[in-house]
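Overview (structure and organization)
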Amino acid sequence: MKSKELAGRYALMESLKAEGVDTIFGYPGGSIIPTFDALYDYRDIFNFVLVRHEQAATHAAEGYARVSGKVGVVLLTSGPGATNAITGIADAMMDSTPMVVIAGQVASQALGSDAFQETDLVGITQPITKWSFQIRKAEDIAWAVSRAFYIASTGRPGPVVLDLTKDAQTELCDFAYKKCSFIRSYIPYPEISEFDVEQAAHIINAAKKPFALLGQGVILSNAEKEVMKFLEKANIPAATTLLGLSCLPSDHELNKGMLGMHGNYGPNMKTNECDVLIAIGMRFSDRVTGNRNTYAKQAKILHFDIDPSEIGKNITPTLGILGDIKESITMVTEKLKENNHKEWIDSFKPLEKKEYEKVFVKEVENCTGDIHMGEVVDKISKATGNKAVLVTDVGQNQIMSARYFKYKQTRSVITSGGLGTMGFGLPAAMGAKVGAPDRTVCAFCGDGGLQMTIEELGTIMQSSIGVKIILLNNNKLGMVRQWQELFWHKRYSFTDMLNPDFSMIASAYGIKNSVVEKREDLDKGIADMLKDDKAYMLIVNLEECGLVYPMTPAGDDVTNVLLEKK
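About the thresholds
Residues numbered from 1 in each chain as written. Predicted model: local features only at pLDDT ≥ 70, side-chain atom pairs only at ≥ 80, totals over all residues. Heavy atoms only, no water. Helix = DSSP H or I, 4+ residues; strand = E, 2+ residues; numbered from the N terminus. Rg over C-alpha atoms; globule rule 2.2 N^0.38 Å. Buried < 20%, exposed > 50% of the residue type's maximum accessible area, 1.4 Å probe, protein only. Contact = heavy atoms within 4.5 Å. Areas by Shrake-Rupley, 256 points an atom, 1.4 Å probe, with all protein chains shown as cover. Salt bridge = Lys/Arg side-chain N within 4 Å of Asp/Glu carboxyl O. 1 Å grid on protein atoms, 1.4 Å probe; cavity = no way out; pocket = protein on both sides within 12 Å on 5 of 7 lines; lining within 4 Å. Points joined across faces, edges and corners; volume = space filled by probe spheres on them. Nonpolar A, V, L, I, M, F, W, Y, C, P; charged D, E, K, R; others polar. Core = buried A, V, L, I, M, F, W, Y, C linked by side-chain atoms within 4.5 Å. Pairing = 2+ DSSP bridges. Disulfide = S-S within 2.5 Å. Axes fitted to C-alpha atoms, helices over the stretch in contact; angles between N-to-C directions. Lys, Arg positive; Asp, Glu negative; His and termini not counted. Expected span 1.5 Å × (residues − 1).

Examining the overall build of the protein chain
Scanning the protein chain from terminus to terminus reveals 24 helices and 20 strands. The C-alpha radius of gyration computed for the protein chain amounts to 24 Å, which stays within 12% of the reference 24 Å derived for 566 residues, consistent with globular compactness. Here the protein chain, with 566 residues, has 60% of them falling under the buried criterion. Contacts spanning at least 24 positions in sequence make up 76% of the contacts within the protein chain whose residues lie at least 6 apart. Summing over all exposed atoms, the protein chain offers an accessible surface of approximately 22,800 Å²; the carbon and sulfur share of this is 50%.

Notes on the pattern of salt bridges
A side chain with one charge may pair with a side chain of the opposite charge, provided their charged atoms come close. Enumeration over the complete set of coordinates arrives at 29 salt bridges. A salt bridge links Asp37 to Arg9, with the shortest nitrogen-to-oxygen separation between them at 4.0 Å. Of this pair, Asp37 sits in helix H2 (residues 33-39) while Arg9 sits in helix H1 (residues 8-18), and the two are 28 residues apart along the sequence. Judged by relative accessible area, Asp37 falls into the partly exposed class, the value being 43%. Sharing partners across several salt bridges, the network here consists of Arg156, Asp307, Glu310 and Lys313.

Focus: the layout of surface pockets
Here the second largest pocket is characterised by a volume of approximately 720 Å³. Along its surface, the second largest pocket is lined by 29 residues, and Ser250, Gly257, Asn264, Arg403 and Lys406 are the ones closest to its centre. Broken down by secondary-structure element, the contributors of at least two residues to the lining of the second largest pocket are strand S11 (255-258), helix H12 (265-271), helix H16 (349-365), helix H17 (373-383) and helix H18 (396-404). Of the residues contributing to the lining of the second largest pocket, the split by class is eleven nonpolar, nine polar and nine charged.

A few points about the nonpolar core
Soluble globular proteins: nonpolar side chains tend toward being buried together. Core analysis: the largest hydrophobic core is formed by 51 residues, its most contacted members being Phe25, Val391, Ile414, Leu450, Leu457, Ile460 and Met537. Not counting chain neighbours up to four residues away, the residues in contact with Phe25 comprise Phe48, Val49, Ala57, Ala60, Ala61, Tyr64, Val73, Val74, Leu75, Gly431 and Val434. One finds Ile380, Tyr404, Leu562 and Leu563 within the second-largest nonpolar core, a separate group that totals 42 residues.

Points about the sheet that holds strand S16 (residues 413-414)
Overall, parallel pairing links the six strands, which are arranged S16-S15-S17-S18-S20-S19 in an open sheet. Both outer strands of the open sheet, S16 and strand S19 (512-516), are each paired with one neighbouring strand and no more.

A short note on the state of the cysteines
Going through the model one piece at a time under the given rule, you end up with zero disulfides. Cys173 provides the cysteine sulfur closest to Cys180, a residue in no disulfide bond, and the two sulfurs are 18 Å apart. Residue Cys180 is classed as partly exposed on the basis of its relative accessible area, which comes to 22%. With no disulfide of its own, Cys367 has Cys545 as its nearest cysteine by sulfur position, at a separation of 16 Å.

Thoughts on the sheet that holds strand S10 (residues 238-240)
With parallel pairing, six strands are arranged side by side in an open sheet as S11-S10-S9-S12-S13-S14. Sheet topology places S11 and strand S14 (319-322) at the edges, where each strand pairs with a single neighbour. Pairwise comparison of adjacent strand axes, ignoring direction, gives a mean angle of 20 degrees for this sheet. On the sheet, helix H9 (residues 194-206) packs against strand S12 (276-280), strand S13 (300-305) and S14 and is oriented at approximately 130 degrees with respect to S14. Packing of helix H14 (residues 325-334) onto the sheet brings it into contact with S12, S13 and S14, and relative to S13 it is tilted by some 135 degrees.

Things to note about the side chain of Glu14
With respect to the helices and strands, Glu14 occurs in helix H1. The buried charged residue Glu14 lacks any salt bridge, with Lys4 as its nearest oppositely charged partner at 4.3 Å. Ignoring any residue separated from it by four or fewer positions in sequence, one finds Glu14 in contact with Lys4, Leu6, Tyr42 and Phe175.

Quick word on the environment of Arg292
Tracing the backbone through its elements, the reader meets Arg292 in the loop between helix H13 (286-289) and S13. C-alpha of Arg292 to C-alpha of Asn314: the two residues are 22 residues apart in sequence and 7.9 Å apart in space. Among residues more than four places away in sequence, those in contact with Arg292 are Phe284, Ser285, Asp286, Lys297, Asn314 and Ile315.

A short note on the pairing of strand S9 (residues 210-214)
Buried residues dominate S9, accounting for five of its five residues. One ladder, built from three bridges, connects S9 with S10; its direction is parallel. Paired with Leu214 across the two strands is Thr240, which belongs to S10.

As for helix H3 (residues 54-68)
With 15 residues, H3 ought to run about 21 Å at 1.5 Å a step, and its terminal C-alpha atoms sit 21 Å apart, in line with that. Among the 15 residues that make up H3, 14 are buried, leaving the element largely enclosed by the rest of the structure. Looking one or two places after H3, you find Gly69, whose phi comes out positive at around 80 degrees.

Structure below.
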């Protein structure tokens, strides 16, 4: 690109344009005013979504990135504006979400003086970003933006923070944009070892009871088709992590469900029975493994991952295969024998039947008493043809949604996994709808989590974002209460919620809504919610003391699965 003289704020706009940015989430303030002034001239290029709180901007950017595969972009001011974004930045780091956060900063000559709304954003965010950098000169803007997008989107994705001083936004510079494609010492795509590929194929070909664990790395690598081909050629049953949900269609014959603390009974039990455990793009979280001292001790473990720091961090594998999964799995598949593990796969069926009878029937099919959370999720999933994007908040609503929502296509699940951020659901759903305007986006929230970011109903109103908000209202902090009931002698310490009239609040923001209190009204409520593409809040008043099963107690053996209340 031929250079031209621009003010720093316009250099930033042109840099974002060169990176193909179409949407920015954010909130203006004193230190970023010059850039917002430039943004005024780029209103036809960028869709700017004015949120009501900076944390919501980061979660919206996460939802946008997760559903679209693009980098989410956030623009905000210094001081409290920047620190309000910390939770979302940490969330993106934990869940490997590509995001670039651009924050205003006081003028460079005032740095270190405790100037009004000055904070050391680089120092604060270095531990929770892939890269954090302060821009003090306009001439560095193009270089920094190019580098930021490259780092955020390549290898294992994650958040990047650019701290932009006020004078860098206003001074002139010679602008020319060059996309970054190489950084010395940063190796986003490690070279794949042919020897490791050969060894992995040999171990899988010799397996009698192979079992694959699929994580979000499959989705981030765009390797869904390659992984499916791998599984089908060797006839390997698979289960997914919470973030890996939707990398395989729910009804695929080899998909055995979800792993982990509230995962399906069969996958958890079979983890400690398989002879080869194949982990693909997952990190062996404590929520998946339970007691690591007893986890899959009988199995040879193969760990496919792009991040060398993950291999051996939590579980020591027999063999680690480092590299981009899309490529490494393809290489292994070429060396696999076509196989048939019918007897092994059939051995899941009695476990599935047991879970169905003890859990599914009671939660979804033959419900009694007040409305159950699981039946609401199941009905909405079916009403959307299992084609909607699921966005959850955190708590019982999250786990019930993950268990009973079904998927036909990838990038259909957006939830806060590693950080478990209450308040994530509503703003993430806004971002998801902006990123996938042609898809139905269903946000399942509990009454506790919704009230942490309820102000974003204002963003939905102003930007006409057609999200479907399902408020699963039990007047409790349900998951904490569940732990108190099961493990803390029913000492219910501050988990009761005195809630407002959510219908009146939704109406005040111009959002259509309805309240369902009786089971016989649920189908109509769902139909009313889905009949058009406008925003809608379906408030479902539920049984107050429901419990999520199955459940493996924290730190316990992965096979110690509770299927019902003792």
